[in-house]
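Observations on the three-dimensional arrangement
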Amino acid sequence: MKLTRILCLILAVLMMAAAFVACDEEPVDNPNEDPTPDANAPISLQLVEKGTPSYVIVRDYKASGTVLDAVATMVEAFKTYLNAEVEVKECYSDREVEEDVEQVKEILVGATNRKQSAQVMDGLKSNDYTIDVVDEKVVIAGGSDAATAKAIASFLKGFVYEQGDKNEVRKNGKKFSLNVYKNLEDTDANNIYDVSEEEYSSTGIYSYNKAMMAGARLDSYVLIYPRDSALSAEYRDFALAMQTYINKEVGFELMAKRDVVIARADYKIVIGDTLFTDEGLVNALQDDEYYIALTATETTLEDGTVVEGATLTILFGSEAYDAAMAAYKKIMPSSSSPIDFNMAVGFVETNMKNPPAAQ
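Cut-off values and rules
Residues numbered from 1 in each chain as written. Predicted model: local features only at pLDDT ≥ 70, side-chain atom pairs only at ≥ 80, totals over all residues. Heavy atoms only, no water. Pairing = 2+ DSSP bridges. Helix = DSSP H or I, 4+ residues; strand = E, 2+ residues; numbered from the N terminus. Axes fitted to C-alpha atoms, helices over the stretch in contact; angles between N-to-C directions. Contact = heavy atoms within 4.5 Å. Buried < 20%, exposed > 50% of the residue type's maximum accessible area, 1.4 Å probe, protein only. Polar contact = N/O pair within 3.5 Å; in protein donor to acceptor, adjacent residues only side chain to side chain. Phe/Tyr/Trp six-rings, centres within 6.5 Å; stacked < 30°, edge-to-face > 60°. Lys NZ or Arg CZ within 6 Å of the ring centre and 35° of its normal.

1. A word on the sheet that holds strand 15 (residues 290-300)
- The strand order 13-12-14-16-15-18 describes an open sheet built from six strands, whose pairing is mixed. The outermost strands of the open sheet, each flanked by one partner alone, are strand 13 (256-258) and strand 18 (348-350). Across this sheet, the average inter-strand angle for adjacent strands is 30 degrees, counted without regard to direction.
- Bridge analysis of strand 15 against strand 16 (residues 306-316) gives 11 bridges, and the strand direction is antiparallel. Paired with glutamate 298 across the two strands is glutamate 308, which belongs to strand 16.
- Sheet strands in contact with helix 8 (residues 321-331) are strand 15, strand 16 and strand 18, and its direction is about 70 degrees off that of strand 15.

Laid out in structure tokens, this is it:
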């Protein structure tokens, strides 16, 4: 009996020693284990379960009227087709607000301050839109407010209207569920609700693959027109016409602002006699003349840092609006097949008799 107890004690000591040795050993990697999540793994999200939403809609507090109207339509569709009361939350893209608490389950609409929105919207042009799933969030966004509204319409048509039933909600008060999927097999019955399908993304048709001036993308530039000028109305109209043309042909929405509200812009398209336009050049221009030129610029900040930039100057006299617009469209023409454009510093297009050289 005594011998048995001694043997049991020895066995217990050996087991404890083996445990300590095992703890000190380096873990052995399993060659069959993939530490990186599969980006193509199927994803299944339930946004609403029998009328009860588990997701909230998030949009920026400065969202345009176009986006606000589309979000309102979305909220009403959830109620009408699913019998679900979905909450809309505001986020703040330009400041931190205590109430803006990010949740795991969010439907992100348009440009929000969430990293998932930025990821999906990167590279989208003004007529492009897409619906995607990133980190359990549903992202519905376009390259412009109008495109975002189209994305919302696509989401409602493909998901809400198909999975809900407004007649059943109205007559019987039935509550419906809403599901979104990604990376499903083509044979999966739920594939029609898969955001990977082509019908949930749209790419616009543009004349340009890329458009650059002085090595910077065209959407780096801001259109600037004068507040105080004898031709203020004409210069403003020209700026807005350029904004529309660039949007259509390139897919970029440039800001158009009066000179008095611009404190600093490294890349500018100045139209007319703005606060940023060379006065001597303005005075040299005749009524029937126009002048278009790209110059390099430098801005020295308070800390001594020098920031490079560029300015495209567009000037025209009181009788040369049409000639200047025709000249610009000749420089950047419409094209049936996408082309590349890069205007170099020093470019000049003008009908002036003695034009100054671009710097």
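2. Notes on the side chain of glutamine 163
- Residue position: glutamine 163 is located in helix 4 (residues 145-163).
- For glutamine 163, a relative accessible area of 13% corresponds to the buried category.
- For glutamine 163, the side chain forms a polar contact with the main-chain nitrogen of asparagine 179, separated by 2.7 Å.
- When neighbours within four sequence positions are excluded, glutamine 163 is seen to be in contact with Leu82, Phe176, Ser177, Leu178, Asn179 and Tyr193.

3. Examining the packing of aromatic side chains
- Overall, the coordinates contain 12 aromatic pairs when judged by the stated rule.
- Seen in terms of ring centroids, phenylalanine 238 and phenylalanine 316 are 5.1 Å apart; in terms of plane orientation they differ by 35 degrees. Their pairing is tilted. Note that phenylalanine 238 is positioned in helix 6 (residues 232-249) and phenylalanine 316 in strand 16, a separation of 78 residues in sequence. The exposure classification of phenylalanine 238 matches that of phenylalanine 316, with both residues buried.
- Pairing phenylalanine 238 with tyrosine 321 gives two aromatic rings, centres 5.4 Å apart and planes at 80 degrees, and the pair type is edge-to-face. In this pair, phenylalanine 238 sits in helix 6 while tyrosine 321 sits in helix 8, placing the two residues 83 residues apart along the sequence.
- Each member of the aromatic cluster is reached from another via a ring pair, and the members are Phe155, Phe159, Tyr193 and Tyr200.
- Taking NZ or CZ as reference, arginine 95 lies 4.8 Å from the ring centre of tyrosine 61, over its face.
- Cation over ring: lysine 125 sits above phenylalanine 252, and NZ or CZ is 5.7 Å from the ring centre.

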